[in-house]
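# Per-entry structural report
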Amino acid sequence: MIKLNYTIEGGDFSRAGYASSQVKKNLKQLGVDQKIIKNIVVALYEAEVNIVAHAQKGNIEVLISPTGVKMIVSDQGPGIVDVGQAMQVGFSTASEKVRQMGFGAGMGLPNIKRNVDRLDIETKVGKGTTLTMIKDF
Amino acid sequence: MKVTELVEKLQLKVFTASAGLENEITGGYVSDLLSDVMGHAAEGNAWLTLQNHLNVVAIASLRELACVILVKNIEPPADVIQKAIAEDVAILGSSEQTFELAGKLYSILT
Ligand SMILES: Nc1ncnc2c1ncn2[C@@H]1O[C@H](COP(=O)(O)OP(=O)(O)O)[C@@H](O)[C@H]1O
Ligand SMILES: [Mg+2]
């Protein structure tokens, strides 16, 4: 079992993707199937960007076992008012600045959903959000 | 086709020295929405965009795209060039608009 941990600062787009690239390197070294690495990278990147774009700060914990990967992405932030709505393609509350960078198309959570075997979202408005994602090998 | 060959065929500007020039191009993807590229571009794609910040490099590297082609004479800032070279991502530039450039790329690759 390998355990990786990263802290993410809200608003710091220059480092977005760092955790995802480190996890990718680890999975490559372990010889995990390319298609599965792709799925994990897409999901983790979107979760990472959501902390940067929507929350104050967050934490990513990745557990790699012989049978799969579990990613727990939690943040202190505004939380999600309506998870069903947030899961819809095109729904976004991203700021104008974030949209101008090409984020905020409302495709992040749908991307996550399509690329993992299991997604759980726990959220409390005004407190924060925790995504638990599982991808089997 | 290799990135170097495409540079020659389309007379592209190379911003990132020799980074990624030997990559094999399998197809193209045109989008300025980063999650769209993240979720739907394929490995080895040449990515046409007008976005030119650090996250473009992160996505190209994470998704193993063949190269990034900036349209309309857009020039990447120094931090983008530096990160792209470090991550072996080729960032290229064209004076053409997306429509014309995508058309040429399509006919070259198909
Ligand atoms: N970690 C989060 N904290 C607060 N709100 C979030 C978080 N993740 C997603 N959301 C909400 O769900 C919406 C849709 O998310 P997503 O599909 O990733 O699209 P985007 O990030 O492009 O807006 C966001 O605009 C935001 O309102
Ligand atoms: Mg998002």
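Thresholds applied
- Residues numbered from 1 in each chain as written.
- Chains lettered and ligands numbered in written order.
- Predicted model: local features only at pLDDT ≥ 70, side-chain atom pairs only at ≥ 80, totals over all residues.
- Heavy atoms only, no water.
- Helix = DSSP H or I, 4+ residues; strand = E, 2+ residues; numbered from the N terminus.
- Buried < 20%, exposed > 50% of the residue type's maximum accessible area, 1.4 Å probe, protein only.
- Contact = heavy atoms within 4.5 Å.
- Near = heavy atom within 4 Å.
- Polar contact = N/O pair within 3.5 Å; in protein donor to acceptor, adjacent residues only side chain to side chain.
- Areas by Shrake-Rupley, 256 points an atom, 1.4 Å probe, with all protein chains shown as cover.
- 1 Å grid on protein atoms, 1.4 Å probe; cavity = no way out; pocket = protein on both sides within 12 Å on 5 of 7 lines; lining within 4 Å.
- Sits in = over half its atoms within 2 Å of the grid points.
- Nonpolar A, V, L, I, M, F, W, Y, C, P; charged D, E, K, R; others polar.
- Points joined across faces, edges and corners; volume = space filled by probe spheres on them.
- Pairing = 2+ DSSP bridges.
- Right-handed = clockwise from strand over helix to strand, strands pointing away.
- Axes fitted to C-alpha atoms, helices over the stretch in contact; angles between N-to-C directions.

### Section: the side chain of T16 of chain B
All names here are of chain B.
- In this structure, T16 sits in the loop between β1 (13-14) and β2 (27-30).
- Given the relative accessible area of 0%, T16 is considered buried.
- Discounting residues that sit within four places of it in the chain, T16 has contacts with I81, A84, I85, V89, A90 and I91.

### Description of the site of ligand 1
Residue and element names in this part refer to chain A.
- Surrounding ligand 1, one finds 19 residues, the nearest of these being H54, D75, S92, T93 and L109.
- Residue S92 places a side-chain N or O atom 2.5 Å away from an oxygen atom belonging to ligand 1.
- One of the backbone N or O atoms of G106 is found 3.0 Å from an oxygen atom in ligand 1.
- Here ligand 1 has 530 Å² of accessible area as a free molecule, and 95% of this is covered by the chains.
- According to the grid-proximity analysis, the pocket containing ligand 1 is the largest pocket.
- Of all the elements in the fold, those that place two or more residues in the shell around ligand 1 are α2 (34-54) and α5 (108-115).
- With three residues, α5 is the largest single contributor of residues to the shell around ligand 1.
- For the shell around ligand 1, the class distribution of residues is nine nonpolar, nine polar and one charged.

### A short note on the layout of surface pockets
All names here are of chain A.
- Estimates place the volume of the largest pocket at around 570 Å³.
- Along the walls of the largest pocket sit 34 residues, with N50, H54, I80, T93 and L109 positioned nearest its centre.
- At the level of elements, α2, β3 (68-76), α3 (83-86), α5 and β5 (128-136) are the ones that each hand at least two residues to the lining of the largest pocket.
- Looking at the lining of the largest pocket, the element that brings in the most residues is α2, giving seven residues.
- Across the lining of the largest pocket, the residue classes tally to 19 nonpolar, 12 polar and three charged.

### Things to note about the pairing of strand β3 (residues 45-49) of chain B
Residues and elements named next belong to chain B.
- Burial analysis of β3 places five of its five residues in the buried class, the great majority of the element.
- Side chains of β3 alternate between two faces, with N45, W47 and T49 and A46 and L48 buried alike.
- Sheet topology places β2 next to β3; four bridges connect them, and they run parallel. Counted as the bridge partner of G27 is N45 from β3.
- Handedness of the crossover is the feature at issue here: the chain leaves β2, passes through helix α2 (residues 34-40), returns alongside β3, and the resulting connection is right-handed.
- Of the strand pairs in this sheet, β3 and strand β4 (residues 67-70) are connected by four bridges, and their pairing is parallel. Bridge pairing links L48 to I69 in β4.
- As for the winding sense of the linkage, the β-α-β connection from β3 through helix α3 (residues 54-62) to β4 is right-handed.

### Section: the sheet that holds β3 of chain A
Residue and element names in this part refer to chain A.
- The five strands are arranged β1-β2-β3-β5-β4 in an open sheet whose pairing can be described as antiparallel. At either end of the open sheet lies a strand with only one pairing partner, and these are β1 (2-9) and β4 (118-124). On average, adjacent strands in this sheet sit at an angle of 10° to one another, irrespective of strand direction.
- The sheet contact formed by strand β2 (residues 57-65) and β3 spans nine bridges and is antiparallel. Paired with L63 across the two strands is K70, which belongs to β3.
- Strand contacts of helix α1 (residues 18-29): β1, β2 and β3, with the helix running at about 165° to β1, the strand carrying the most contacts.
- Across the sheet, α5 touches β4 and β5, and the angle it forms with β5 is around 30°.

### Some points on the environment of K2 of chain B
All names here are of chain B.
- Along the polypeptide, K2 turns up in the segment before α1 (3-10).
- Here K2 falls in the partly exposed class, since its relative accessible area comes to 29%.
- For the pair K2 and N23, spaced 21 residues apart in sequence, the C-alpha to C-alpha distance is 5.6 Å.
- Among residues more than four places away in sequence, those in contact with K2 are L21, E22, N23, E24 and I25.

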